[in-house]
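Observations on the model geometry
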Amino acid sequence: MHKVSFFKSIHVKIVLIYVLLIIIALQIIGIYFSSKLEESLKLNFKDSITQRIDLVQYSIREELLKDRGDETSPSLEQSLGVILLEFPNEDISEILIINDRNKVLASLENQSIVGSRFDNDTVTKAISAEDYSESIRLESGNRVWVLAAPIMDNVGPNSEVIGAIYIKADIESVFEQMKDINQIFAIGTAMSLAITIVLGILFAKTITKPILDMRRQAQAMSRGNYSRKVRVYGDDEIGQLALAFNHLTNRLQEAQSTTEAERRKLASVLSNMTDGVIATDRKGKVILINDPALTFLDVTRETTLSRPIASVLGLDQEYSFEDLIHMKESINLDYSTQDKPFILRANFSVIQKETGFVNGLITVIHDITEQEKIEMERREFVANVSHELRTPLTTMRSYLEALADGAWRDENIAPTFLNVTQTETERMIRLVNDLLNLSKMDSRDYKLNKEFVEFNKFFNRIIDRFEMSKSQNVKFTRYIPDTSYFVEVDTDKLTQVIDNIISNALKYSPDGGNIRFGFTVQENMLKVMVSDDGMGIPKENVTKIFDRFYRVDRARSRAMGGTGLGLAIAKEMIEAHGGKIWAESEEGVGTTIFFTMPFELDEAGDWE
Ligand code: ADP
């Protein structure tokens, strides 16, 4: 904020206004006072002279009207001269007594003009008007007051003018006095102005100081500093303004921190959510993009901000921003590469005002690769199941058709055909059972009925069962330790797992082959192995044999009555027990299936 110039500042303005008001007030008082004083001084001056004239007027009339027949009596001029000499002549510079023919009869100052004619406007006016006549005139730089008073022959109404008194008084003293008074007044004005200016500055400060404080506070607030408080100097309007200002600061600080907290919350929500979020302005330019969106789209924030959303999503060929605004359904964005599937789903929602004005667009991006994979697997699974069921059913239909067409009468063929349908039916039952098993394991409420068993015995018993019932010429070798190992397992499920593995080993073992059974302890787990000298599995398929319906040789597996689900079920069950299952194999040399599971050395161990 720029600094307020000196003459624009309130401080100077207040002082100036204050001083101007005082000057105007003093001027009005001064002019009124001095004019009234001058008037009154003049009046006093004139009154004192007029009163003296009134007193002497009578004696002069008497002398003028006196009969001068007596030779001994003094002349009129002498008598009048005596009267003038006795006249109190303070402030008076000249007194003349003039008869009605304008002849000077007596003079106070200049005896040489006695007897001469005296023509004077004021005297002429007084004689003709039979009244006092006066004027102020300038004589050698000084103001003099000239007064002419008529002398009447009597006091009655029919009186006549018989002469006049002419007086010249020095009125300059009155003006001198006024000048002194005005000077005193001017000095007083100057002094009061000086005091007023000092007081004005102090007074203006009491107003401007809190305002300056508030200005500084507002500047600090604009820089984000809310810790300052304005000092409250009093309980007047400015004090209340300061209080309101402090209150405003607090509210602003609260609002600011709430906004800041909300912003942080939003930022943390946006960056911690798994979905990508992109927001645009009303022109479709990206204004916000969260971290997951950056990762999904493999871009940086700098290169994305301010770019059109359609181009960021790689949709600029097919869609404009307008299209995206009206997009009701989601769009799948396939960013899959040859080695890695990667599919995103983008949903759009428009930020709109009540008036319908579009303010921006929010795009939420969601990784649906896994979902799509599951969906694909589901479709594949359904296709596999249908295929697996259709094959035996087609076989059975053709055999049953042949039987119905008359083959049932042929004693040599009929039993074989019936046998085939029976085998196929059994295989279908096995398949359906396997599927049911899998579906049970997939369901959430799948539970294991666990019990403690000594694994050595448990394993031996299963191998015994196979050894006794085997029809092939296969040798069984056992590598089972003497120490007892206890496992907490669902025995039915584990039996099924081991059955599946051993029957596979038997299925793929050549005549005269060898199957080895054993287990060891590795990394706190029992590691069980079933190894054969069979045909083996190609390297690239070793991991796939645990997938549902996967067989290396589909025709051969089916011919052997396999469903392609045995190892998939085994994998689910072993993982449910907290173990792992895998295969190691070499084509033409043999296959070893391994699985692990947690164990106890002592059955009682857990109960102590
Ligand atoms: P199947 O019912 O076909 O045996 P499995 O899930 O049990 O289904 O096995 C899947 C596939 O794994 C088999 O079709 C076979 O190709 C291969 N396989 C399993 N065990 C062996 C083994 N011991 N030797 C060779 N191949 C095997």
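Just so it is clear, the structure is predicted and the values come from calculations on it, not from any experiment.

1. A word on the overall build of the chain
The secondary structure content of the chain amounts to 15 helices and 17 strands. Its C-alpha radius of gyration of 67 Å places the chain more than 25% over the 25 Å reference for a compact globule of 608 residues. The C-alpha extent of the chain, read off along each of the three principal axes, is 215 × 65 × 40 Å. Taken across its 608 residues, the chain has 38% of its residues classed as buried. Carbon and sulfur atoms make up 54% of the accessible area of the chain, which amounts to about 36700 Å² in all.

2. Quick notes on the site of the ligand
Neighbouring residues of the ligand: 19 residues in total, closest Asn504, Asp532, Ser557, Thr563 and Leu567. Between the ligand and Gly566, the relevant distance is 3.4 Å, taken from an oxygen atom to a main-chain nitrogen or oxygen of the residue. Take Thr591: an N or O atom from its side chain is 3.4 Å from a nitrogen atom of the ligand. Protein coverage of the free-state accessible area of the ligand, which is 530 Å², stands at 97%. More than half of the atoms of the ligand fall within 2 Å of the grid points belonging to the largest pocket. When residues of the shell around the ligand are traced back to their parent elements, those giving at least two are helix 13 (491-507) and helix 15 (566-576). Of all the elements, helix 13 adds the most residues to the shell around the ligand, at three residues. Residue composition of the shell around the ligand, by class: eight nonpolar, eight polar and three charged.

3. Quick notes on the packing of aromatic side chains
This model, assessed by the stated rule, comprises 16 aromatic pairs. Judged by centre distance (5.7 Å) and plane angle (25°), the rings of Tyr18 and Phe203 are stacked. With Tyr18 in helix 1 (residues 10-65) and Phe203 in helix 4 (residues 172-222), this pair connects stretches of sequence that are 185 residues apart. Between Tyr485 and Phe519, the aromatic rings sit 5.8 Å apart at their centres with planes inclined by 85°, giving edge-to-face as the arrangement. On the criterion of sequence distance, the pair formed by Tyr485 in the loop between strand 12 (475-479) and strand 13 (486-489) and Phe519 in strand 14 (residues 514-522) is long-range, its members being 34 residues apart. Residue Tyr485 shares its accessibility class with Phe519, and that shared class is buried. In textbook terms, an aromatic cluster arises when at least three aromatic residues are bridged by ring pairs, as seen for Phe455, Phe458, Phe459, Phe476, Tyr485, Phe517, Phe519 and Phe599. Here the basic side chain of Lys470 rests over the ring of Phe476, its NZ or CZ set 5.0 Å away from the ring centre. Positioned above the aromatic ring of Phe594, the side-chain terminus of Lys527 is 4.9 Å from the ring centre.

4. Re the side chain of Thr304
Following the sequence through the fold, Thr304 ends up in helix 7 (residues 301-304). Thr304 sits in the buried class, given a relative accessible area of 1%.

5. Details of the sheet that holds strand 8 (residues 331-334)
Taking strand neighbours across the sheet as the criterion, the five strands line up as 7-6-10-9-8 in an open arrangement whose pairing is antiparallel. Among the strands making up the open sheet, the edge pair consists of strand 7 (286-289) and strand 8. Looking at each pair of strands side by side, their axes are set apart by 25° on average, direction ignored. Two strands pair when backbone bridges link them, and strand 6 (residues 276-280) and strand 7 are joined in this way by three bridges, in the antiparallel orientation. Bridge pairing links Thr280 to Val286 in strand 7. Strands in contact with helix 10 (residues 369-404) are strand 9 (343-352) and strand 10 (358-367); relative to strand 9, the strand with the most contacts, it is inclined by about 125°.

6. A closer look at the domain arrangement of the chain
Domain boundaries in the chain define domain 1 (10-179), domain 2 (273-367), domain 3 (373-442) and domain 4 (451-601). Between the C-alpha centres of domain 1 and domain 2 the distance comes to 111 Å.

7. Digging into the pairing of strand 1 (residues 92-99)
Within strand 1, seven of the eight residues are buried, which leaves the element mostly enclosed by the surrounding structure. Where strand 1 lies against strand 5 (residues 161-170), seven bridges are found, and the strand directions are antiparallel. When the bridges of strand 5 are listed, Ile97 appears paired with Ile165. Summarising the sheet, strand 1 and strand 2 (residues 104-107) pair through three bridges and their orientation is antiparallel. Each residue of the ladder has a partner; that of Leu96, found in strand 2, is Ser107. In this structure, the hairpin formed by strand 1 and strand 2 is closed by a connection of four residues, where Asn102 is found at a positive phi of approximately 65°.

The rules we used
Residues numbered from 1 in each chain as written. Predicted model: local features only at pLDDT ≥ 70, side-chain atom pairs only at ≥ 80, totals over all residues. Heavy atoms only, no water. Helix = DSSP H or I, 4+ residues; strand = E, 2+ residues; numbered from the N terminus. Rg over C-alpha atoms; globule rule 2.2 N^0.38 Å. Buried < 20%, exposed > 50% of the residue type's maximum accessible area, 1.4 Å probe, protein only. Areas by Shrake-Rupley, 256 points an atom, 1.4 Å probe, with all protein chains shown as cover. Near = heavy atom within 4 Å. Polar contact = N/O pair within 3.5 Å; in protein donor to acceptor, adjacent residues only side chain to side chain. 1 Å grid on protein atoms, 1.4 Å probe; cavity = no way out; pocket = protein on both sides within 12 Å on 5 of 7 lines; lining within 4 Å. Sits in = over half its atoms within 2 Å of the grid points. Nonpolar A, V, L, I, M, F, W, Y, C, P; charged D, E, K, R; others polar. Phe/Tyr/Trp six-rings, centres within 6.5 Å; stacked < 30°, edge-to-face > 60°. Lys NZ or Arg CZ within 6 Å of the ring centre and 35° of its normal. Pairing = 2+ DSSP bridges. Axes fitted to C-alpha atoms, helices over the stretch in contact; angles between N-to-C directions. Contact = heavy atoms within 4.5 Å. Domains from an automatic or database assignment.

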